[in-house]
Amino acid sequence: MKTRLLAAFILALLAACSKSAAPPKDLADAVAVVGYLASPRFVNVSAYSATAEKGTPSEFVSYLFSDLGAAELPEPARPGEPQGGGRGGPPSWPEGIALRPHRPDPRLGKQVVIVPDDARGLVVAEGYLDGKGAPLLRREFELAKPRKR
């Protein structure tokens, strides 16, 4: 009886440990917003499409953190409002998540870092619970080619 109980306990413990913890929803939502920013839907209606010289991810990240680009970033979600962009509008940015270029800031809490990968034409979004450890979440998005206006 004791052996069965011990075996059941060990199996339950192994099952619990083998499940990877899902990232917090707000952090996953923020990373998804970066995917929207890299999409043709955003790229081709933003001023980036008119100002881009080469259309590289580095140029795009620099644009997002410029005064012009920052003015076009999605608005933060209001408390109680769904995060998604309902009615076809842009998604809102989850409250309490910082957006950073290139590397995390260890002084901030939850944050998404946007890293350009020019060699592969990708915008990489990394989600952190704090800026001190490894990213909890990482997704790569192909950067849309801007249409010249």
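Cut-offs and rules
Residues numbered from 1 in each chain as written. Predicted model: local features only at pLDDT ≥ 70, side-chain atom pairs only at ≥ 80, totals over all residues. Heavy atoms only, no water. Buried < 20%, exposed > 50% of the residue type's maximum accessible area, 1.4 Å probe, protein only. Helix = DSSP H or I, 4+ residues; strand = E, 2+ residues; numbered from the N terminus. Pairing = 2+ DSSP bridges. Axes fitted to C-alpha atoms, helices over the stretch in contact; angles between N-to-C directions. Core = buried A, V, L, I, M, F, W, Y, C linked by side-chain atoms within 4.5 Å. Contact = heavy atoms within 4.5 Å. Phe/Tyr/Trp six-rings, centres within 6.5 Å; stacked < 30°, edge-to-face > 60°.

(A) Structural context of the pairing of strand 3 (residues 122-128). Extensive coverage of strand 3 is indicated by the burial of 7 of its 7 residues. Residues Leu122, Val124, Glu126 and Tyr128 line one face of strand 3 and the alternating positions Val123, Ala125 and Gly127 line the opposite face, and both faces are buried. Where strand 2 (residues 111-117) hands over to strand 3, the hairpin turn is made up of 4 residues, of which Gly121 adopts a positive phi near 70 degrees.

(B) View of the pairing of strand 1 (residues 98-101). Every second residue of strand 1 is oriented toward a common face, the buried set being Leu99 and Pro101 and the non-buried set Ala98 and Arg100. As paired elements, strand 1 and strand 2 share 4 bridges and run parallel to each other. Across the sheet, Leu99 pairs through a bridge with Val112, a residue of strand 2.

(C) Main features of the sheet that holds strand 4 (residues 137-142). Spatially, 4 strands are ordered 1-2-3-4 in an open sheet, and the strand pairing comes out mixed. Two strands close off the open sheet at either side, each with one partner strand: strand 1 and strand 4. Looking at each pair of strands side by side, their axes are set apart by 20 degrees on average, direction ignored. One ladder, built from 7 bridges, connects strand 2 with strand 3; its direction is antiparallel.

(D) Region of interest: the nonpolar core. Grouped together as the largest cluster of nonpolar side chains are 28 residues, with contacts concentrated most on Phe60 and Val112. Counting only elements with at least two residues in this core, the list comes to helix 2 (25-38), helix 3 (40-43), helix 5 (57-64), strand 2, strand 3 and strand 4. Here this core takes 8 residues from helix 2, the largest share from any one element. With residues near it in sequence (within four places) discarded, Val112 still touches Leu27, Ala30, Val31, Val34, Trp93, Ile97, Ala98, Leu99, Arg100, Ala125, Glu126 and Gly127.

(E) Looking closely at unusual backbone geometry. Positive phi is not limited to glycine here, since His102 has a value of about 70 degrees. Secondary-structure assignment places His102 in the loop between strand 1 and strand 2.

(F) Structural view of the packing of aromatic side chains. Under the criterion given, the structure shown has 3 aromatic pairs. Judged by centre distance (5.0 Å) and plane angle (75 degrees), the rings of Tyr48 and Phe60 are edge-to-face. Of this pair, Tyr48 sits in helix 4 (residues 48-51) while Phe60 sits in helix 5, and the two are 12 residues apart along the sequence. Pair check on accessibility: Tyr48 and Phe60 agree, each one buried. For the ring pair Tyr48 and Tyr63, a centre distance of 5.5 Å and an interplane angle of 45 degrees mean the geometry is tilted. Within this pair, whereas Tyr48 is found in helix 4, its partner Tyr63 is found in helix 5, the two being separated by 15 residues in sequence. Take Tyr48: its relative accessible area is 0%, and that puts it in the buried class. In this structure Tyr63 comes out as buried when scored by relative accessible area, which is 7%. By way of ring pairs, the aromatic residues Tyr48, Phe60 and Tyr63 are connected into one cluster.

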